[in-house]
Every structure is written in C-alpha cells, then in structure tokens.
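Tertiary structure, described
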Amino acid sequence: MSVVSDKGKIKKPNLYLVGFMGVGKSAIGRKVARELGFKFIDSDFEIEKQAGRKISRIFADEGEPAFREMERAFIESGHPDAACVVSTGGGLVVQEGMSDLLKQKGVVICLFASAETVIERTGRNDKRPLLNVENPEERVRQLLAERESIYMNSGACITTEGRSMSEVVRHVVRSYKAVAREFR
C-alpha cells in the first residue's frame, strides 16, 4: 500500500508527540497508534536499544549533548517515514531546528500538563536523569519555564490535565487527522 497519493501528499504522515516529561506521551502514543493502525515508537526506548544502555547511563557516561545528538540522528533517519506514532523525549523539540525538522517529517502535537501534575507523575520514576538533582520539583518548574514557549509553538497543543486517557486519545486522533489531510 502506497503512503503517497497521486498528488504527492503523504497519506499517513508520522505523528510526533512532543512535550515535557510526565505529560503522557508514551501512554497516549500507544493508544493513538492502536486507534490509527500505526506502529508505535518510543524514541527514548529506541535510542537505549541502539546504544545498548539506559539513557541515565548515557547521561552519566557521555553527558546530555551526546544524548541529544543520538536523538537528532534518530529523528533524521532512525525510523520509518510514515504510519508511525513517535513519542519523543521531553528535550528533543527544544534543540535548535528540531521543531522545524519534525514539522517537515510529519504532524506534531504537543501534550502538556501543569507543573504540579508533572511533579506528581514524575515523582514515581527515578529513571529521569534531568531530575536526579537535590530539588526535583524546583528543576521541573525551571525546565518548564524555559521550555514552555517552545512546546507551545511546536504544533497543536493538547492538555492531559484533568482529562481521561480516552478523551485525550480522541482529541489527538481528531487533531492528527485534521492536519494530516493537508500534509505536504
């Protein structure tokens, strides 16, 4: 089955879910992929697989810049060009030029939630290297303040705050289909 129409439009462009850690990109992404009949890809998981080690180890051994390069390489050429839902790392879209690159490759939707919700959701997970600091709550607020405008300008924005999973999934699918019709 061709993913390109006679008019050169991609029929099933990838969906890239961006946003801060803990907003639900992976959980929502899996369900959206199932709903659309797409493959689900978690970029962090794929990078760990390719590197043969956890992201926390990459951060510890090589630092954040090395990890960001791995993210860029993955987005540039490490996954199929169509019919995928890609859950990205929280810092991916913050990289210079990455938002534009994602928009060229597919539909971008930003998921977001309040700092309080993010703190509550990420507090149960010790596998987040950027939060392995003395005051993780302060770090969440600082990073959100630095990144918020970038996230909000990356694509359609959908809150996961106070909504059921199925409600967010419906909204993401509806937004994806509206934008995908016009892709390329």
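Please refer to the structure placed before this passage.
Presented here is a report on the structure given in the accompanying data block. Computed from a predicted structure; not experimentally measured.

Basis of the calculations
Residues numbered from 1 in each chain as written. Predicted model: local features only at pLDDT ≥ 70, side-chain atom pairs only at ≥ 80, totals over all residues. Heavy atoms only, no water. Salt bridge = Lys/Arg side-chain N within 4 Å of Asp/Glu carboxyl O. Buried < 20%, exposed > 50% of the residue type's maximum accessible area, 1.4 Å probe, protein only. Helix = DSSP H or I, 4+ residues; strand = E, 2+ residues; numbered from the N terminus. Expected span 1.5 Å × (residues − 1). Contact = heavy atoms within 4.5 Å. Axes fitted to C-alpha atoms, helices over the stretch in contact; angles between N-to-C directions. Parallel < 35°, antiparallel > 145°, perpendicular 65-115°, else oblique. Nonpolar A, V, L, I, M, F, W, Y, C, P; charged D, E, K, R; others polar.

With that out of the way, let us pick up the pattern of salt bridges. Per the counting criterion, the structure on display carries 9 salt bridges. Across the salt bridge formed by K54 and E48, the nearest N and O atoms sit 3.8 Å from each other. Between E62 and R53 there is a salt bridge; the shortest N-O distance is 2.1 Å. Taking the relative accessible area as the measure of exposure, R53 reaches 23% and is therefore partly exposed. Connected through salt bridges with shared partners, the residues R53, R57, D61 and E62 form a single ionic network.

A word on helix α8 (residues 165-180). An ideal rise of 1.5 Å per residue puts 22 Å on 16 residues; α8 measures up with 22 Å between its terminal C-alpha atoms. Those residues of α8 that fall on the buried side of the exposure criterion are V168, V169, V172, V173, S175, Y176 and A180. As for α8, its buried residues are in contact with β1 (14-18), α1 (25-36), β4 (106-112) and β5 (156-159).

Turning next to the packing of helix α2 (residues 43-51) against helix α4 (residues 64-77). Look at α2 against α4: their axes get within 10 Å of each other, and the N-to-C directions meet at 105 degrees. When the interaxial angle is binned, α2 and α4 end up roughly perpendicular. Mapping the contact onto sequence places S43, D44, E46, I47, Q50 and A51 in α2 and F67, M70, E71 and F74 in α4. Counted by class, the contact of α2 with α4 contains 5 nonpolar, 2 polar and 3 charged residues.

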